[in-house]
Each structure stands twice: as structure tokens, then as C-alpha cells.
Amino acid sequence: MDKVRSEINDSKNSLPNDGHEQFPVDTRVVTLVRLVKGGTGVDLARIVVMNDQATPQHSSYREYHHGDTGVFIDAVSSLSMHAAAIQCSQQAIDGFAGAMPMHLDVSQAARWCCGVYKPSGARKRLFKATDPDDGTKMIGLLIEQDQQGRLERVTWYKTREAQALFHATPDKLTFEVVRDENGAPSVDPNDIGGWTWFYTTSPSSA
């Protein structure tokens, strides 16, 4: 693992796709991200973040989102994000995804738009966490599912127009649901804080 982390650090400034990623894209390794329902140990989603390499079933510079349709997002009040880096291999990726079906295949070339995104998913929830790049600010994570619990979109909020979502992907990050002034769950990032918000939108998906 130390060798993998060294490769991550060596590759940060030499990425052909640098400037519009969601997660930082690291050469020679794949980033695996788990979104875990708080207090349960149950994975709501598993995200495979590819790099400049490819496998027989995964293309370079794409994110593959696998979701558990047995976990409805509108019943989740907190979650944690766990990230780890592995060498790029189809066997390792398949082992991580397991039996969880793939719902989203999106480009890493996300764009940051200024404003507030209006979700249309049947099930939706916005979460907040301290921004690892600035402890005085927050970030937002908006997850949308269809009525059956299938992932439809994952949108990230940041308080400034960004390059990658994080300067470096944290090993762990804890999120809690965003609530309005009446204590009800809210999908408005202005209920996180009164900053100017930017959100991610991916130009292509499969």
C-alpha cells in the first residue's frame, strides 16, 4: 500500500485529464470508493475511479457506480466515504464490485457549474461534510435514486469552482444529512451554508 500511495503522490501534476475531474485521477492505480450507510456497515454504493489505464471491462478516465437497491437513500441520515487505491486489474475491480450491479458509467471530465442543481430523482438526499481542502468550509453530496432504489445521479457540491473534488482523496470522510430550518431533510445546499455553490455535472454517461 505504501508503494501505491507513493505512486499517487508522484503522479498528481502530470495528468492529461487534470482540471475537470470529480475524484482526483491517479496514474498507475485505481481508486475504490465505498459509500456506507451510517451505523450499519452496509454499502450504499461502490465507485470505481479509473485512471489513464483500462481493463477489458473498464475504460480509462471513467467512474463506475455500483448501487445496492436494497438501501433507499431517503431512509439514510448519515453515511461515510471510504477510499483506497489498488493496482489496475480486472480481477481486483471485480472483487471490489462483487455482486452489486453497476448503475452509472460517467466520464471523469466533470464540469463545475455555479448555482444550485434541482434533482429530479424519485428518491434523493443531500449530505454534508467538512471540506478536506478547507476546514472552514463544507462540501455537499447529493444522491438520487429511482423509485426502485437504482442510482440515477451522484452530484457533488463545493464552495468554489474546483479542479478535482479533493486535492487528495481522503481515506475516510463522514457525512450527515442536510436539514432546513424546520429540521426536515433538504436538497438545497444553501441549508449547508450561505456560500456561493458549484456543483458537478458530467458531460457523458452510458
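Everything in this summary refers to the structure shown in the same document. (Residues numbered from 1 in each chain as written. Predicted model: local features only at pLDDT ≥ 70, side-chain atom pairs only at ≥ 80, totals over all residues. Heavy atoms only, no water.)

Section: the nonpolar core
Piece 1. Core analysis: the biggest nonpolar cluster contains 31 residues, and Leu35, Met81, Ile143, Trp156 and Phe175 have the highest contact counts within it.
Piece 2. Looking at this core, the elements with two or more residues in it are strand S1 (29–37), strand S2 (43–49), strand S4 (78–87), strand S5 (102–107), strand S7 (123–131), strand S8 (134–145), strand S9 (151–158) and strand S10 (172–177).
Piece 3. It is S2 that contributes the most residues to this core, 4 residues altogether. (Core = buried A, V, L, I, M, F, W, Y, C linked by side-chain atoms within 4.5 Å. Buried < 20%, exposed > 50% of the residue type's maximum accessible area, 1.4 Å probe, protein only. Helix = DSSP H or I, 4+ residues; strand = E, 2+ residues; numbered from the N terminus.)

Examining helix H2 (residues 90–97)
Piece 1. Along H2, the residues classified as buried are Gln90, Ile93, Phe96 and Ala97. Summarising the axial view, the buried residues of H2 lie within an arc of 130°, below the 170-degree limit, and thus occupy one face. Across H2 from its buried face, at more than 90 degrees, point the exposed residues Gln91 and Gly95.
Piece 2. Against the buried residues of H2 lie S1, S2, strand S3 (62–67) and S4.
Piece 3. Once H2 ends, the next one or two residues include Gly98, with phi positive near 60°. (Arc of directions from axis to C-beta. Contact = heavy atoms within 4.5 Å.)

A short note on the sheet that holds S1
Piece 1. If you walk across this open sheet you meet the 11 strands as S5-S3-S2-S1-S4-S10-S7-S8-S9-S11-S6, and the pairing is antiparallel. Taken across any chain shown, the strands that pair with only one partner, and hence form the sheet edges, are S5 and strand S6 (111–114). Adjacent strand axes in the sheet meet at a mean angle of 25° when their direction is disregarded.
Piece 2. Two strands pair when backbone bridges link them, and S8 and S9 are joined in this way by 6 bridges, in the antiparallel orientation. (Pairing = 2+ DSSP bridges. Axes fitted to C-alpha atoms, helices over the stretch in contact; angles between N-to-C directions.)

Topic: the pairing of S2
Each regular strand carries side chains that alternate between the two faces of the sheet.
Piece 1. Extensive coverage of S2 is indicated by the burial of 6 of its 7 residues.
Piece 2. In this structure, S1 lies alongside S2, joined through 6 bridges in antiparallel fashion. Within S2, the residue paired with Thr31 across the bridge is Val49.
Piece 3. Linking two consecutive strands that pair antiparallel, namely S1 and S2, is a turn of 5 residues; a positive phi of about 75° is found at Gly39 within it.
Piece 4. Where S2 lies against S3, 5 bridges are found, and the strand directions are antiparallel. What sits directly across from Arg46, in S3, is His66.

A look at the environment of Leu35
Piece 1. Tracing the sequence through the fold places Leu35 in strand S1.
Piece 2. Excluding anything up to four places from it in sequence, Leu35 contacts Val42, Asp43, Leu44, Ala45, Ile47, Leu79, Ser80, Met81, Leu141 and Ile143.

Observations regarding the environment of Gln91
Piece 1. Relative to the elements of secondary structure, Gln91 occurs in helix H2.
Piece 2. Remark: the alpha-carbon pair of Gln91 and Thr55, spanning 36 residues in sequence, is separated by 9.4 Å.

Notes on the pattern of salt bridges
Piece 1. Summed over all chains, the structure comprises 7 salt bridges.
Piece 2. Where Asp133 meets Lys158, a salt bridge forms, and the shortest distance between an N and an O atom there is 3.2 Å. Taken together, the residues Asp133 in the loop between S7 and S8 and Lys158 in strand S9 connect sequence positions 25 residues apart.
Piece 3. Judged by its relative accessible area of 0%, Lys158 falls in the buried class.
Piece 4. The salt bridge involving Lys137 is made with Asp134; its shortest N-O contact spans 3.8 Å.
Piece 5. Overall, Asp134 belongs to the partly exposed group, its relative accessible area being 29%. (Salt bridge = Lys/Arg side-chain N within 4 Å of Asp/Glu carboxyl O.)

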